[in-house]
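A structural walkthrough
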Amino acid sequence: MADESEGLVKACSFFALDFHKFLMNDATLSSQNLFYSPASLFVALAMTHFGAKGKTAEEMSRILHLSALSPFALNNQMKEFVLTLNTSSDNKTKLLIANKIFLEKSFEVLEAFKSGTREFYDAEVGLVDFKFHAEQARKNINEWVEEKTNHKIKDLILEGMLNAQTKLTLVNAIYFKGLWLEPFNKASTYPSDFFVSKEKVIQVPMMYREAHFKFIESEELACQILELPYIGNQLSMVIYLPSENDGLASLEEKINFGNLQKSLADLDGSMPEEVEVYLPKFKMEQRFSLNDVLTGMGAGEMFGGKADFSGIAHEPLYVSDVVHKAFVEVNEEGTEAAAATGIGVKMMCLKPMFSANHPFLFFIRHRSTGAMLFLGHLLEPRVEA
């Protein structure tokens, strides 16, 4: 990464570690496979933060670790960050990050928000009809995400998430496909034990490769660290393998920005050595609804009636949903991974809203006497005689 984006990348790393530790506080998540894209989350939230003001902006800035960056530095570093990622592809490695704002066609956002997100986040704007055709708008968003992620992320936005109150949805998509610089031979893949816990051992397809890799052992983190580069050497997978079979929870508890950076510096400074590598083939897909997580991290105001997104529009807005979905597959040839983040923004109901878009009961009454003259319920509107 270019020096110009160093502060932003550091903020993204801090956010990633904070977010991961918060997820690990959830007993359900900590006891199952987990995969997501901190970069996708960070960029989508930062793009939303671009239109936040007051305490809402302060909270978002705090959890994203952006407080040390001036708005000018943040904007220019984000522009550099997106550009750097999107110019990392070659004929063997594909990396794409894309942003888009799906905007209610009858809703007017500030020109400064549109031009700023276009310049600094390379975000295009697409007009949709949330007001009368929210389901079609949902399909449009999901189709864009699916296209940008090579059909790996489908149905990011679920039914019912969008309605007439939705004014815009900010979406980030990231896609990666890379071939190992030192590929694994399929003929060397064989069933092997994988120690899920002290009590549980399963058989998995285990890949094998003997080659020169960067490899170190960290006493501080009690783990081995291996780097598996992809063709082009711009991207790599780094694996932190605990020394003990049941050492993952301890590793995740003690890892922080300082010892992470130190271990990566030690790895970068090491010389490749011949290593026998055993790595299981695997595939994962996961989705998250992150309102509660982000509220727990300290950015709850954006979800409520006190939200201040006056940098987006003059009308009062709040974040209704933050959703994230990710996919990864690791095999003998390399890795394919994709993720997308969607942030729905709705208008606050300062006056009651009545939207008869589902079955209802009705009657016709004589007001002075209170007599109920007609009564019915509507299940499916029809206009034919």
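Our structure is the block above this text.
Quick look at the structure, then. Just so we're clear, the structure is a prediction, and the values are computed from it rather than from any experiment. (Residues numbered from 1 in each chain as written. Predicted model: local features only at pLDDT ≥ 70, side-chain atom pairs only at ≥ 80, totals over all residues. Heavy atoms only, no water.)

What about the overall build of the protein?
Quick reminder of the rule: Here a strand is any run of E in DSSP of at least two residues, a helix any run of H or I of at least four, and the numbering for each starts at the N terminus. Only protein chains enter the accessibility calculation, which uses a 1.4 Å probe. A residue is then buried if its area is under 20% of the maximum for its type, exposed if over 50%, and partly exposed in between. Computed by Shrake-Rupley with a 1.4 Å probe, the accessible areas treat only the displayed protein chains as cover when residues are assessed. Within this scheme the basic residues Lys and Arg register as positive and the acidic residues Asp and Glu register as negative, but His and the chain ends are omitted. Lys charges are placed at NZ, Arg charges at CZ, Asp charges at CG and Glu charges at CD.
A count of helices and strands for the protein gives 10 helices and 13 strands. For the protein, the spread of C-alpha atoms along the three principal axes comes to 90 × 50 × 40 Å. Among the 385 residues that make up the protein, the fraction classed as buried is 46%. For the protein, the computed accessible surface area is about 20,700 Å², with 53% contributed by carbon and sulfur atoms. In the protein, the 37 positive side-chain charges and the 51 negative ones have mean positions that sit 9 Å from each other.

Observations regarding the packing of helix α5 (residues 71-86) against helix α6 (residues 111-121)
Just so we agree on the cut-off: Each axis is a line fitted through C-alpha atoms, taken for helices only over the stretch in contact, and angles between the N-to-C directions span 0 to 180 degrees. Should an angle fall under 35 degrees it is called roughly parallel, over 145 degrees roughly antiparallel, and 65 to 115 degrees roughly perpendicular, with every other angle called oblique. Residues count as neighbours in contact if any of their non-hydrogen atoms are within 4.5 Å of one another. We call Asp, Glu, Lys and Arg charged. Ala, Val, Leu, Ile, Met, Phe, Trp, Tyr, Cys and Pro are nonpolar, and the rest, Gly among them, are polar.
With their axes 7 Å apart at the nearest point, α5 and α6 run at an angle of 50° to one another. The pairing of α5 with α6 is recorded here as oblique in orientation. Across the interface between the two elements, Asn 75, Asn 76, Met 78, Lys 79 and Val 82 of α5 pack against Glu 119, Phe 120 and Tyr 121 of α6. The residue inventory of the contact of α5 with α6, partitioned by class, reads four nonpolar, two polar and two charged.

What to know about helix α3 (residues 38-49)
What sets the pattern is the α-helix's 3.6 residues per turn: residues three or four places apart point alike. Inclusion rule: Residue count minus one, scaled by 1.5 Å, sets the expected span of a helix.
With 12 residues, α3 should cover 16 Å at 1.5 Å per step; its first-to-last C-alpha distance of 16 Å lies within 8% of that length. Most of α3 is tucked away: 11 of the 12 residues are buried. Those residues of α3 not exposed but buried are Ala 39, Ser 40, Leu 41, Phe 42, Val 43, Ala 44, Leu 45, Ala 46, Met 47, Thr 48 and His 49.

Points about the pattern of salt bridges
Heads up, the rule is: Note on definitions: salt bridges are taken to be side-chain nitrogens of Lys or Arg within 4 Å of carboxyl oxygens of Asp or Glu.
A complete count under the given rule lists 12 salt bridges for this structure. For Glu 111, the salt bridge is made with Lys 114, and the minimal N-O distance between the two is 3.9 Å. Taken together, the residues span about one helical turn, with Glu 111 and Lys 114 both in helix α6 at a distance of three residues. Taking the shortest distance from any N to any O, the salt bridge between Asp 246 and Lys 198 comes out at 3.4 Å. Placement of the pair is Asp 246 in the loop between β7 (236-242) and α8 (248-254) and Lys 198 in the loop between β4 (190-195) and β5 (201-218), with a sequence separation of 48 residues.

As for the pairing of strand β11 (residues 334-347)
Our working rule: Two strands make a pair as long as DSSP finds a minimum of two bridges between them.
By the criterion of burial, β11 is predominantly enclosed, with 13 of the 14 residues buried. In the sheet, strand β10 (residues 317-330) pairs with β11 via 13 bridges, with the strands oriented antiparallel. Within β11, the position partnered with Val 330 by the bridge is Thr 335.

Points about the packing of α3 against α6
Quick reminder of the rule: Note on convention: near helix rotated counterclockwise from far helix by under a right angle means a left-handed crossing. Clockwise means right-handed.
Remark: α3 packs on α6, axes separated minimally by 10 Å, with the N-to-C direction vectors making an angle of 150°. With respect to each other, α3 and α6 are oriented roughly antiparallel. Note on packing geometry: the crossing formed by α3 with α6 is right-handed. Facing α3, whose interface residues are Val 43, Ala 46 and Met 47, α6 presents Phe 113, Thr 117 and Tyr 121.

Some points on the environment of Ala 249
Position of Ala 249 relative to the elements: it lies in helix α8. Sequence-wise, Ala 249 and Ser 31 are 218 residues apart; in three dimensions their C-alpha atoms are separated by 9.5 Å.

Notes on the sheet that holds strand β2 (residues 123-128)
One open sheet holds the six strands; their spatial order is β2-β1-β3-β11-β10-β9, and the pairing between them is mixed. Single-partner strands in this sheet number two, and they are β2 and β9 (282-289). Neighbour-to-neighbour, the strand axes of the sheet open up by a mean angle of 15°, direction not taken into account. Bridging between strand β1 (residues 94-104) and strand β3 (residues 166-179) involves 10 bridges; their strand directions are antiparallel.

What to know about a nonpolar patch on the surface
What counts, and what does not: Patch membership is restricted to residues that have no salt bridge and whose relative accessible area is over 30%. Joining uses 9 Å for like charges and 5 Å for the nonpolar side chains Val, Leu, Ile, Met, Phe, Trp and Tyr.
On the surface, Leu 361, Phe 363, Met 372 and Leu 375 cluster together into a nonpolar patch covering about 440 Å² of accessible area. Elements supplying a minimum of two residues to the nonpolar patch: β12 (360-366) and β13 (371-378). Here Leu 375 lies in strand β13.

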